[in-house]
Amino acid sequence: MKCNDERDGIDPDRIDHRKYYRIYKVLRFCESIEGFHTGNLDLTGRHLPRYESLSRRWNAFLRDFINLSLSVETHWTEMEIGRTRIHKYVEYTLTNNDEWDNFVKIWRVSHSAGYGGLIEPVRHTLHHLSLNPLPKFQKLCLLDLPVEILDHIFSFAAVEKARLLSSVCQKLREIGKPYIFITRTLKLDLPSGFWKNVVGKDVEETNQLMLETIEACKTDLIKQAKFLLGRHDLTNVVGTLWLGNPAMQTMIRFGVNTLLGDTFYEPIFKAFKNVLLNCRNLRNLTLSKADISVDILQAVVSLRQLIVLDFRACTIPQTVIQSVLSGKIIPTPSVLNLVLLEGESPTFNIWASVALCPNLRTLSVLNFSSASDTLEPSILVSRRSKVFTSLERLYVGPVGNAGVIDLTRWIELNVAEAPLKLTHLKISAVTGLDDRFLFQLLDALESAPLQILVLDGIKEGSFELFDRIAAKCPNLMGLTVFRRENTRQRQTKLATWPHASYEYASHFSAFQCLRHFSWNFRVEFFEQTPASMRYFEEGYISEVEIYKRLVSGEDSRDDDYFMDGYYVAYPFAAHCQTLKSFAVISGKGMDNFCYIKRKDNQQFQW
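The rules behind these values
- Residues numbered from 1 in each chain as written.
- Predicted model: local features only at pLDDT ≥ 70, side-chain atom pairs only at ≥ 80, totals over all residues.
- Heavy atoms only, no water.
- Helix = DSSP H or I, 4+ residues; strand = E, 2+ residues; numbered from the N terminus.
- Buried < 20%, exposed > 50% of the residue type's maximum accessible area, 1.4 Å probe, protein only.
- Areas by Shrake-Rupley, 256 points an atom, 1.4 Å probe, with all protein chains shown as cover.
- Core = buried A, V, L, I, M, F, W, Y, C linked by side-chain atoms within 4.5 Å.
- 1 Å grid on protein atoms, 1.4 Å probe; cavity = no way out; pocket = protein on both sides within 12 Å on 5 of 7 lines; lining within 4 Å.
- Points joined across faces, edges and corners; volume = space filled by probe spheres on them.
- Nonpolar A, V, L, I, M, F, W, Y, C, P; charged D, E, K, R; others polar.
- Contact = heavy atoms within 4.5 Å.
- Expected span 1.5 Å × (residues − 1).
- Pairing = 2+ DSSP bridges.
- Right-handed = clockwise from strand over helix to strand, strands pointing away.
- Phe/Tyr/Trp six-rings, centres within 6.5 Å; stacked < 30°, edge-to-face > 60°.
- pLDDT = per-residue confidence, 0-100.
- Axes fitted to C-alpha atoms, helices over the stretch in contact; angles between N-to-C directions.
- Parallel < 35°, antiparallel > 145°, perpendicular 65-115°, else oblique.
- Left-handed = near helix turned anticlockwise from the far one by under 90°.
- Salt bridge = Lys/Arg side-chain N within 4 Å of Asp/Glu carboxyl O.
- Patch = residues over 30% accessible without salt bridge, like charges linked within 9 Å, V, L, I, M, F, W, Y side chains within 5 Å.
- Polar contact = N/O pair within 3.5 Å; in protein donor to acceptor, adjacent residues only side chain to side chain.

Description of the overall build of the chain
Looking only at helices and strands, one finds 21 helices and 17 strands in the chain. Among the 606 residues that make up the chain, the fraction classed as buried is 43%. Counting every atom, the chain has about 33300 Å² of accessible surface; 52% of that belongs to carbon and sulfur.

In structure tokens:
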């Protein structure tokens, strides 16, 4: 169509791309008309008032479009595709550009769509109207449903979707209020565009601007907290709360933290405490980069509905630890899931939070400190918090050999008190873990009903490791083992193991319940065989003849490859009669996956 931006004198570099998306409004408009006549429901509903409004607009649009069509000439155009194909299509040319400009202005369509971009959706809509001349109205609308069903619908929606649905009308807003305000965030952080304002400034000017900005952010945070505290209808429905001070590390890095004064953070932490005391139905709490005081911990343990507690790079002063260990702060029995994330510098005192949660079922220790690879929970904390008497799932990592030793000692301290309940264990290593430390850990876990074990980062890759796992974990159903090929390898990727894969398979006969196994054994999936050399022999069939045979199914090229990637799982399935899946995993994902299906005579197939 000869109606484009160059004709209108528009600079392509200054195009408002939002206008290009106006074509989708036309498409949505046509689909809404079709929906009434075909009976396809959309979120807005198929009721009479909406149809009358759409019908008036459709009639006016169709009238103007037909008038515009009188100024359009059509002719067939051919376009060459490749060397042999010719594509024919209709090209539309306007004889009166003023009428097109007037149509675009009235109906707010995009110039780039052109007449050709509108004709197809209009024809499609007219076709459906001819097949279904009468509209089909809803007998039951969304708001006619009982409140209980609407509430159930909201329970499946994400927070963003729940907010969109609640903005439809006042009734849905009242029903959706517990879901749209279920997540709240209060944090002290520099605005996203802050660093653009300090470009070209010296250190003194940058620090001054940073002080002014952080003071304004502090005022805004306290204002948000006061608003929330004044709305008990909102605090009563908050289920997930994130409280943090992300700006702290930036302040420390630039040396501005010392200029803030000793009392700068007091109003912030006081606001955090008051918000915690008022969110009585809180189920998920995250505290990030904050100094945990006695008042904040008292507020945390008072939340009787709290299930998930997440400490991220927080610091617990020694005086607060003494209050925890001495019993002045009563533990919270409701917390079942605890996450501990260490910051840029070691904060081992955060382990005191374990003593606050005697009924833990899931514990994740994310030790990202570059200063140490050990866990080092205090012995007092270890003895006081008998966490393994209730713990079912544990993740620790990344750690080194020292961390495995600490974990083993911690388990041994608890196993004397009561039987272990641990069913899932994952250990992620910085570098390869020695077998002798893993053997000690497996000995400590002998009484645990372990079902899933993930060792992400072993060193030797010996046969004895698999023998020990099979002996100490007889109920194991899932096993994942990743080897570190050398000291420089710190991420999970394919690695060379010291023995052939089929030699490891013979040690899997000791597993009684194992169903799923994965590892990072390096295997070449499509390694060429000498069979491909026959193509170079004189008098062998031509490449065209080979292609014809492959297409007809008379021949295949399977002999050209060893196909080890497909056969590597066979020995494991033969030795382990309970195995159902086998996978080779690299850092990019799953390189090879085999699902094992056994016949009645115990033979297996893929």
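The structure having been displayed, the exposition proceeds.
Quick look at the nonpolar core
Leu-276, Leu-285, Leu-479 and Phe-517 are the most contacted members of the largest nonpolar core, which has 129 residues in total. Listed in part, the 25 residues of the second largest apolar core include Ile-23, Trp-58, Tyr-92 and Phe-103.

Things to note about the layout of surface pockets
In this structure, the second largest pocket spans a volume of roughly 340 Å³. Along the wall of the second largest pocket there are 13 residues; nearest its centre are Lys-25, Val-26, Phe-29, Arg-57 and Trp-107. Taken together, the elements giving at least two residues each to the lining of the second largest pocket come down to α1 (22–38), α2 (48–69) and α3 (97–107). With six residues, the top contributor of residues to the lining of the second largest pocket is α1. When grouped by side-chain class, the residues that make up the lining of the second largest pocket number seven nonpolar, one polar and five charged.

Notes on helix α7 (residues 170–180)
Residues Leu-172, Ile-175, Gly-176, Lys-177, Tyr-179 and Ile-180 constitute the buried set of α7. Tucked into the core, α7 has its buried residues touching α5 (147–155), α6 (159–166) and α9 (232–235).

Topic: helix α15 (residues 401–415)
Along its 15 residues, α15 runs 21 Å from first to last C-alpha, staying within 8% of the 21 Å computed at 1.5 Å per residue. Taken together, the buried positions of α15 are Gly-403, Val-404, Asp-406, Leu-407, Thr-408, Trp-410, Ile-411 and Asn-414.

Some thoughts on the pairing of strand β12 (residues 478–483)
Taken across its six residues, β12 has six buried, putting it largely inside the fold. Burial along β12 is two-sided: the residues Gly-478, Thr-480 and Phe-482 and Leu-479, Val-481 and Arg-483 are all buried. By the bridge criterion, six bridges tie strand β11 (residues 452–458) to β12 in an arrangement that is parallel. Across the sheet, Ile-452 pairs through a bridge with Gly-478, a residue of β12. In this fold, β11 hands off to helix α17 (residues 463–472), which returns the chain to β12; that crossover is right-handed. In the sheet, β12 pairs with strand β13 (residues 516–519) via four bridges, with the strands oriented parallel. Looking across to β13, one finds that Gly-478 is bridged to His-516.

Some words on the side chain of Ser-586
Of note, Ser-586 is situated in strand β14 (residues 581–586). Not counting the four nearest positions on each side in its chain, Ser-586 is found in contact with Thr-492, Lys-493, Leu-494 and Asp-591.

Looking at the packing of aromatic side chains
A complete count under the given rule lists 36 aromatic pairs for this structure. Ring geometry for Phe-29 against Trp-58: centres 6.1 Å apart, planes inclined by 55 degrees, an arrangement best described as tilted. Residue Phe-29 is located in helix α1, and its partner Trp-58 is located in helix α2; the two are separated by 29 residues in the primary sequence. Assessed through its relative accessible area of 9%, Phe-29 is described here as buried. On the basis of relative accessible area, Trp-58 is assigned to the buried category, the value being 4%.

Section: unusual backbone geometry
For the bond running from Gly-397 to Pro-398, omega is -5 degrees, close enough to zero to count as cis. Mapped onto the elements, Pro-398 comes out in strand β9 (residues 393–399). If you check the backbone angles, Arg-108 has positive phi at about 55 degrees while not being a glycine. Among the secondary structure elements, Arg-108 is positioned in the loop between α3 and α4 (114–131). The residue Ala-313 is not glycine, and still its phi comes out positive at about 55 degrees.

Comments concerning the confidence of the model for the chain
Model confidence for the chain is summarised by a mean pLDDT of 81, while 83% of its residues fall at 70 or above. Element-level pLDDT for the chain is lowest in strand β17 (residues 604–605), with a mean of 50, against a maximum mean of 95 in α17. Every residue in residues 1–15 is under pLDDT 50, and counting partners more than four places away or in other chains gives 24 contacts. Note that pLDDT drops below 50 for residues 368–372; the model gives that stretch 13 contacts with residues more than four away or on any other chain.

A closer look at the packing of α2 against α3
Contact geometry for α2 and α3: axes closest at 10 Å, N-to-C directions at 165 degrees. When the axes of α2 and α3 are compared, the pair comes out roughly antiparallel. Between α2 and α3 lies a crossing of left-handed hand. Of α3, the residues touching α2 (which contributes Arg-57, Ala-60, Phe-61, Asp-64, Phe-65, Asn-67 and Leu-68) are Glu-99, Trp-100, Phe-103, Ile-106 and Trp-107. Residues of the contact of α2 with α3, tallied by class, amount to eight nonpolar, one polar and three charged.

With respect to the environment of Phe-156
With respect to the helices and strands, the residue Phe-156 is situated in the loop between α5 and α6. Sequence separation between Phe-156 and Tyr-179 is 23 residues; the distance between their C-alpha atoms is 9.8 Å.

Examining the pattern of salt bridges
This model, assessed by the stated rule, comprises 15 salt bridges. The shortest N-O distance in the salt bridge between Arg-468 and Glu-464 comes to 3.4 Å. Of this pair, Arg-468 and Glu-464 both sit in helix α17, four residues apart, which is roughly one turn of that helix. Assessed through its relative accessible area of 25%, Arg-468 is described here as partly exposed. Looking at Glu-464, the relative accessible area reads 39%, which means it is partly exposed. A cluster of three or more residues bridged by salt bridges with shared partners is formed by Glu-174, Lys-177, Arg-231 and Asp-233.

Comments concerning a nonpolar patch on the surface
Taken together, the side chains of Leu-142, Ile-149 and Ile-153 define a hydrophobic patch exposed on the protein surface, amounting to about 220 Å² of accessible area. Structurally, Leu-142 is set in the loop between α4 and α5.

Here's the deal with the packing of helix α11 (residues 266–278) against helix α12 (residues 294–301)
Contact pair α11 / α12: the axes reach a minimum separation of 9 Å and the direction vectors enclose 15 degrees. The angle between the axes of α11 and α12 places the two elements in the roughly parallel class. In the crossing of α11 with α12, the sense of the turn from one axis to the other is left-handed. Touching Phe-269, Lys-273, Leu-276 and Leu-277 of α11 are Asp-295, Ile-296, Ala-299 and Val-300, all from α12. Across the contact of α11 with α12, the residue classes break down as six nonpolar, no polar and two charged.

Re the side chain of Thr-492
Structurally, the position occupied by Thr-492 is in the loop between β12 and α18 (501–505). Here the side chain of Thr-492 touches Asp-456 through a polar contact of 2.7 Å, side chain to side chain. Contact partners of Thr-492, with chain neighbours within four places excluded, come to Asp-456, Phe-482, Arg-484, Ser-586 and Gly-587.

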